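An overview of the molecular structure
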Amino acid sequence: MKKLAILQSNYIPWKGYFDLINSVDEFIILDSVQYTKRDWRNRNYIKTPNGLKWITIPVKQKGCFFDNIDSIEVVSDSWINSHLSLVKQNYIKSPFYDEVIAFLEEVYLECRSLIKLSDINLLFIKKFSSILNISTTIRDSSEFDVSSDRNLRLLDICKATETTHYVSGPAARAYLDENLFNANGVNVEWMSYEGYPIYNQQFGEFVHGVSIIDLFFNVGFERSKEYITKR
């Protein structure tokens, strides 16, 4: 049995993203599809004393509305200092601040040489997966020759990777053709993002849907994996 998940890259994703990666044998980043504005590709939430706040990577969009995600470039590297400043400002009193900020500064330093959004996202995803001791193989969809149809595209990757069980996020229920997958020997499993344990989170009422860096700052690297596993 081989489990596979396929998902577009996110910037500093939330814990559910890593739960999905951890639940499969192989994870494919689907960035060879059209970029969507005001989505998770180039932004995510952090928690602040004034509520949730977007931190967003500015990208070049003029004339690029129909480009694939893996073609999108960042405007400059000025966002790096801005994001680090916001993170420091809002998490400086967190229990594991020193440990986490040192790690993040190293990752953001590596980002200075990257001009494509996909490369930045992939860097964070791989670094965070390593911190969480996730051993799942992570590959890019550009390695595969696939159909333009969204169901066939996913099925083509399943076939190319000899997948027997495709694990999908719940949002895909609106379009995924389970019968097509079953007819081709691929069982579809639906990921649930319910049941995550809460932790001591700063700034008021607990919120699950924030960047995983919130978890890192509040519980530390050693215990973080406990909180991406549902109970």
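Everything below is about the structure shown above.
As a starting point, this report considers the structure included with it. The structure presented is a predicted model; accordingly, all values stated were derived computationally and were not measured. (Residues numbered from 1 in each chain as written. Predicted model: local features only at pLDDT ≥ 70, side-chain atom pairs only at ≥ 80, totals over all residues. Heavy atoms only, no water.)

**Some points on the side chain of threonine 48**
For threonine 48, the location among the structural elements is in strand β3 (residues 43–48). Here glycine 51 takes part through its backbone oxygen, which lies 2.7 Å from a polar atom of the side chain of threonine 48. With near-sequence residues (within four places) excluded, threonine 48 lies in contact with Lys53, Asn90 and Phe203. (Helix = DSSP H or I, 4+ residues; strand = E, 2+ residues; numbered from the N terminus. Polar contact = N/O pair within 3.5 Å; in protein donor to acceptor, adjacent residues only side chain to side chain. Contact = heavy atoms within 4.5 Å.)

**Focus on the environment of arginine 112**
With respect to the helices and strands, the residue arginine 112 is situated in the loop between α3 (97–111) and α4 (117–131). Taking the relative accessible area as the measure of exposure, arginine 112 reaches 34% and is therefore partly exposed. Here the alpha-carbon distance between arginine 112 and isoleucine 29, two residues 83 residues apart in the chain, equals 22 Å. Contact partners of arginine 112, with chain neighbours within four places excluded, come to Asp77, Ile80 and Asn81. Side-chain polar atoms of arginine 112 contact the side chain of asparagine 81, separated by 2.6 Å. (Buried < 20%, exposed > 50% of the residue type's maximum accessible area, 1.4 Å probe, protein only.)

**A look at unusual backbone geometry**
Residue isoleucine 12 is not a glycine yet carries a positive backbone phi of 30°. Topologically, isoleucine 12 is positioned in the loop between β1 (3–7) and α1 (15–22). Although it is not a glycine, asparagine 133 sits at a positive phi angle of roughly 55°.

**What to know about the environment of arginine 38**
Counting through the fold element by element, arginine 38 comes out in the loop between β2 (26–29) and β3. Assessed through its relative accessible area of 65%, arginine 38 is described here as exposed. Here the alpha-carbon distance between arginine 38 and threonine 56, two residues 18 residues apart in the chain, equals 9.5 Å.

**Quick word on the packing of α3 against α4**
Where α3 contacts α4, the axes come no closer than 10 Å and their chain directions differ by 150°. Between α3 and α4, the angle falls in the class roughly antiparallel. For the crossing formed where α3 meets α4, the hand is right-handed. Listed contacts from α4 to Phe103, Leu104, Val107, Tyr108, Glu110 and Cys111 of α3 are Ile120, Leu123, Phe124, Lys127, Phe128 and Ile131. (Axes fitted to C-alpha atoms, helices over the stretch in contact; angles between N-to-C directions. Parallel < 35°, antiparallel > 145°, perpendicular 65-115°, else oblique. Left-handed = near helix turned anticlockwise from the far one by under 90°.)

These figures capture arrangement, not role.
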